[in-house]
Amino acid sequence: MSGAVPPEAGVPTGAEPRLVAVGGGKGGIGKSVLAALFGIECARRGLSTVLLDCDFGGPNLHSLLGMSHPRETVSDFVFRRTESLAALAVPTPVPGLTLISGPRSATADANLLHQQRIRLKRAIGTLHAQVAVLDLGAGTHYDVVDFFLLASHGVLAVTPEALSVENAYRFLKVAFLRRIRNADLGDDLTRLIGEAARDGSAGARTPAELLAHVARQAPAAGQRLARLMETLRPLLVVNQARTAQDLALCDAMAQAARRLFGVGLQPLGVLHHCETLARTVRARLPVLPENLGPEAVADVGHLVTRLLALPAPGGTR
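1. Regarding the overall build of the protein
Argument step 1. Within the protein, the secondary structure is distributed over 13 helices and eight strands.
Argument step 2. Here the protein holds 317 residues, and 55% of them are scored as buried.
Argument step 3. For the protein, long-range pairs separated by at least 24 residues make up 76% of all intrachain contacts whose partners lie at least 6 apart in sequence.

2. A look at the packing of helix H6 (residues 162-182) against helix H9 (residues 219-230)
Argument step 1. The interhelical angle for the contact between H6 and H9, taken along N-to-C directions, is 120°, at an axis separation of 10 Å. In terms of orientation, H6 lies oblique with respect to H9. At the point where H6 passes H9, the crossing takes the right-handed sense. Residue-level inspection shows Phe176, Arg179 and Ile180 of H6 in contact with H9, the latter providing Leu225, Leu228 and Met229.
Argument step 2. Here the contact of H6 with H9 is composed, by residue class, of five nonpolar, no polar and one charged.

3. Side note on the pattern of salt bridges
Argument step 1. Enumeration over the complete set of coordinates arrives at eleven salt bridges.
Argument step 2. Across the salt bridge formed by aspartate 146 and arginine 117, the nearest N and O atoms sit 3.0 Å from each other. Here the residue aspartate 146 occupies a position in helix H5 (residues 142-150), and arginine 117 occupies one in helix H4 (residues 114-124), the gap between them amounting to 29 residues.
Argument step 3. Two residues, arginine 178 and aspartate 146, come together in a salt bridge whose shortest N-O distance is 2.7 Å. Within this pair, whereas arginine 178 is found in helix H6, its partner aspartate 146 is found in helix H5, the two being separated by 32 residues in sequence.

4. A few points about the nonpolar core
Argument step 1. In this structure, Leu85, Leu120, Ile124, Leu134, Leu225 and Met253 are the most contacted members of the largest nonpolar core, which totals 61 residues.
Argument step 2. Sort the elements by how many residues they give to this core and H6 lands first, with eight residues.
Argument step 3. Sequence-distant contacts of leucine 85, that is, excluding residues within four places in its chain, are made with Val74, Phe77, Ile100, Leu120, Ala123, Ile124 and Leu127.
Argument step 4. Ranked by size, the runner-up nonpolar core spans 41 residues in total, among them Ile29, Cys42, Leu292 and Leu303.

5. Considering the pairing of strand S1 (residues 18-23)
Remark: a regular strand shows side chains that alternate across the two faces of the sheet.
Argument step 1. Along S1, six of the six residues are buried, which leaves the element largely enclosed by surrounding structure.
Argument step 2. A two-sided burial pattern is seen for S1, the buried positions comprising Arg18, Val20 and Val22 on one face and Leu19, Ala21 and Gly23 on the other.
Argument step 3. As paired elements, S1 and strand S5 (residues 131-136) share five bridges and run parallel to each other. When the bridges of S5 are listed, arginine 18 appears paired with valine 131.
Argument step 4. Sheet topology note: the S1/strand S6 (residues 153-158) ladder contains four bridges and is parallel. Across the sheet, glycine 23 pairs through a bridge with leucine 156, a residue of S6.

6. Focus on the environment of leucine 303
Argument step 1. Among the structural elements, leucine 303 can be located in helix H13 (residues 294-308).
Argument step 2. Exposure remark for leucine 303: the relative accessible area of 1% places this residue in the buried category.
Argument step 3. Taking C-alpha positions, leucine 303 is 9.7 Å from glutamate 41, a pair spaced 262 residues apart along the chain.
Argument step 4. Residues in contact with leucine 303, not counting those within four places in the same chain, are Leu34, Phe38, Val237, Leu268, Gly269 and Val270.

7. Brief notes about helix H12 (residues 275-282)
Argument step 1. Looking at H12, one finds that the buried residues are Leu277, Ala278 and Thr280. Take H12 and look down its axis: the buried residues cluster within an arc of 160°, on one side only.
Argument step 2. Those residues of H12 hidden inside the fold are in contact with helix H1 (31-44), strand S8 (266-272) and H13.
Argument step 3. Two residues or fewer past H12, arginine 284 is found with a positive phi of approximately 60°.

8. Comments concerning the pairing of S5
Argument step 1. By the criterion of burial, S5 is predominantly enclosed, with six of the six residues buried.
Argument step 2. Along S5, one buried face is formed by Val131, Val133 and Asp135 and the opposite face, lined by Ala132, Leu134 and Leu136, is buried too.
Argument step 3. Where strand S2 (residues 49-54) and S5 come together, six bridges link them in parallel fashion. What sits directly across from leucine 51, in S5, is valine 133.

What counts, and at which threshold
Residues numbered from 1 in each chain as written. Predicted model: local features only at pLDDT ≥ 70, side-chain atom pairs only at ≥ 80, totals over all residues. Heavy atoms only, no water. Helix = DSSP H or I, 4+ residues; strand = E, 2+ residues; numbered from the N terminus. Buried < 20%, exposed > 50% of the residue type's maximum accessible area, 1.4 Å probe, protein only. Contact = heavy atoms within 4.5 Å. Axes fitted to C-alpha atoms, helices over the stretch in contact; angles between N-to-C directions. Parallel < 35°, antiparallel > 145°, perpendicular 65-115°, else oblique. Left-handed = near helix turned anticlockwise from the far one by under 90°. Nonpolar A, V, L, I, M, F, W, Y, C, P; charged D, E, K, R; others polar. Salt bridge = Lys/Arg side-chain N within 4 Å of Asp/Glu carboxyl O. Core = buried A, V, L, I, M, F, W, Y, C linked by side-chain atoms within 4.5 Å. Pairing = 2+ DSSP bridges. Arc of directions from axis to C-beta.

Shown next as structure tokens:
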């Protein structure tokens with residue numbers, strides 16, 4: 001990871017932060033580690049950065065930063081014990097990086113009510129930081145997918161294992177269907193999508209097939225749906241890469257996502273398997289640069305450089 005440098009071009013300096021959400025559908029693929037590493041590296045580059053633990057079922061960002069669980073957490077905002085989400089941000093061992101921790105009672109707060117989710121989404125967009133990194137929970141519940149779709153950059157983490165890849169594709173499909181449901185598409189397009197979803201003979205099992213079915217029925221509606229699909233462009237990070245085949249997984253998954261789902265999955269890069277990093281996590285040591293191997297430090301630097309080169313809020317989203 002680099003030393004502190006002036007904020008990079010393309011980083012927002014106004015009230016709206018660059019939102020980065022790390023998801024993936026499956027647990028145990030390194031989402032929290034990746035989110036922590038992103039946050040640490042952004043802060044080390046001189047960017048005011050906040051980490052928000054949105055894994056309501058098993059928050060652990062505080063542990064990855066070498067901190068005890070903060071007394072006040074996102075639960076205090078969700079249950080209106082405080083009106084300010086930003087006020088819950090506490091300093092971390094990394095200058096310029098703050099943390100809003102996940103709930104202390106994970107089982108009680110695992111699923112948010114609709115109004116709680118809406119209120120939290122609105123508050124995240126007003127956080128006082130240049131970068132906000134959201135660590136999402138496992139699975140495809142609305143609490144996970146909605147925060148993924150909220151982000152300027154949704155990062156899909158995957159390990160080179162069949163189950164992880166399968167869950168990533170499932171996550172993409174659910175995210176697309178959720179994007180459709182949240183969009184104001186008009187009654188005609190909504191009706192066509194509903195018909196396609198119900199019509200098993202149409203073969204509308206994937207977003208690409210659903211688009212083809214709608215386009216056959218109503219070309220203009222199909223064009224509207226295609227434009228909506230283009231707004232979903234997740235970034236892909238392959239974690240724990242070891243072999244040449246693992247390194248090629250980014251491009252292979254991007255091609256498959258475009259062919260099967262019609263979704264523009266963008267390869268961001270890889271995080272090689274690093275035994276030093278693995279030992280650090282197992283020993284519950286903070287994932288700071290001094291506890292990482294040089295390869296992991298270089299990988300994270302490359303990923304963050306590519307991430308920050310993407311359009312910030314106010315650009316293409």
